[in-house]
Amino acid sequence: AVIGALNFDMLLLSHGLLLSFARLINSSGYDIRIVGSTGLPLARVPVDHAHTLVAEVAGLPEVAAVALIRTDSAVTAVKNQPGLPLELIGTTDAAGGGTWTLVSGRNLGADLVSSATTSAPPLVVGRSLATRLGLQPGSALRLRVRIPGSVSALPAVEFRVAGIGDFPFEAA
């Protein structure tokens with residue numbers, strides 16, 4: 001009887017998680033997501049020939065917008081502070097379209113053009129990271145891409161915070 005009750009509790013819990021995740025996905029503004037494999041969003045493999053696929057999907061009359069999204073692991077490279085692990089999210093939608101909701105500052109659209117003449121590319125950071133590091137629009141932030149399972153020789157890159165946003169999958 002105890003095992004039956006435990007299984008029933010797990011079933012209810014999984015159904016609640018499924019509904020919660022569905023609400024999160026539905027609130028992001030996209031009806032269809034094409035991914036390279038099943039599993040967690042940050043553990044999926046890249047989609048082969050993604051740019052071709054995006055062009056084909058964007059050409060469909062029923063489709064209003066298409067965006068590529070890519071994630072990579074990174075770590076902060078702030079002087080005299082231990083590196084904070086984080087997830088870089090790159091998208092072809094400069095306004096974030098479902099990836100983030102801007103809270104302050106600017107989205108990337110206007111900054112992408114102006115960054116061609118500066119050395120620091122723009123980025124939108126999560127609210128919790130901004131609070132933790134005292135970041136605001138205009139702040140500089142150095143990041144280093146991490147390669148899982150090995151040490152990276154890639155140098156840190158300095159970015160300029162264009163805006164601060166809320167990310168749907170951000171940990172508090």
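Relevant structure appears above.
Predicted model, so just to flag it, every value in this text is computed and none were measured.

## Notes on the overall build of the chain
And then number 1: Counting its regular elements, the chain contains 4 helices and 6 strands.
And then number 2: When the elements of the chain are put in sequence order from the N terminus, they spell out α-α-β-β-β-α-β-α-β-β.
And then number 3: The proportion of buried residues among the 172 residues of the chain is 23%.
And then number 4: Contacts spanning at least 24 positions in sequence make up 56% of the contacts within the chain whose residues lie at least 6 apart.
And then number 5: Summing over all exposed atoms, the chain offers an accessible surface of approximately 11,700 Å²; the carbon and sulfur share of this is 62%.

## Section: the environment of Ala162
And then number 1: Here Ala162 shows up in strand S6 (residues 157-166).
And then number 2: Each C-alpha atom, one on Ala162 and one on Leu123, is 5.5 Å from the other, the two residues being 39 residues apart in sequence.

## Quick look at the packing of aromatic side chains
And then number 1: Applying the stated rule across the entire model yields 1 aromatic pair.
And then number 2: An angle of 45° between the planes, with centres 5.9 Å apart, marks the rings of Trp100 and Phe167 as tilted. Here Trp100 is found in the loop between strand S2 (85-91) and strand S3 (101-105), whereas its partner Phe167 is found in the segment after S6, with 67 residues between them in sequence.
And then number 3: Taking the relative accessible area as the measure of exposure, Trp100 reaches 6% and is therefore buried.
And then number 4: Among the residues examined, Phe167 registers a relative accessible area of 17% and is labelled buried.

## A look at unusual backbone geometry
And then number 1: Look at His49: it is not a glycine, yet its phi comes out positive at around 55°.
And then number 2: Within the secondary structure layout, His49 lies in the loop between helix H1 (2-27) and helix H2 (50-58).
And then number 3: With a phi close to 65°, Asn80 is a non-glycine residue in the positive phi region.
And then number 4: For Asn80, the position within the fold is in the loop between strand S1 (69-76) and S2.
And then number 5: Owing to a relative accessible area of 75%, Asn80 belongs among the exposed residues under this scheme.

## Here we look at the pattern of salt bridges
And then number 1: Counted under the stated rule, the structure contains 1 salt bridge.
And then number 2: Linking Arg127 and Asp166 is a salt bridge whose minimum nitrogen-to-oxygen distance equals 2.6 Å. Residue Arg127 is found in helix H4 (residues 127-133), and its partner Asp166 is found in strand S6; the two are separated by 39 residues along the sequence.
And then number 3: Residue classification places Asp166 among the partly exposed residues on the basis of a relative accessible area of 29%.

## Considering the side chain of Ser139
And then number 1: Following the sequence through the fold, Ser139 ends up in the loop between H4 and strand S5 (140-145).
And then number 2: Ignoring any residue separated from it by four or fewer positions in sequence, one finds Ser139 in contact with Gly134, Phe159, Arg160 and Val161.

Each value, and the rule that gives it
Residues numbered from 1 in each chain as written. Predicted model: local features only at pLDDT ≥ 70, side-chain atom pairs only at ≥ 80, totals over all residues. Heavy atoms only, no water. Helix = DSSP H or I, 4+ residues; strand = E, 2+ residues; numbered from the N terminus. Buried < 20%, exposed > 50% of the residue type's maximum accessible area, 1.4 Å probe, protein only. Contact = heavy atoms within 4.5 Å. Areas by Shrake-Rupley, 256 points an atom, 1.4 Å probe, with all protein chains shown as cover. Phe/Tyr/Trp six-rings, centres within 6.5 Å; stacked < 30°, edge-to-face > 60°. Salt bridge = Lys/Arg side-chain N within 4 Å of Asp/Glu carboxyl O.

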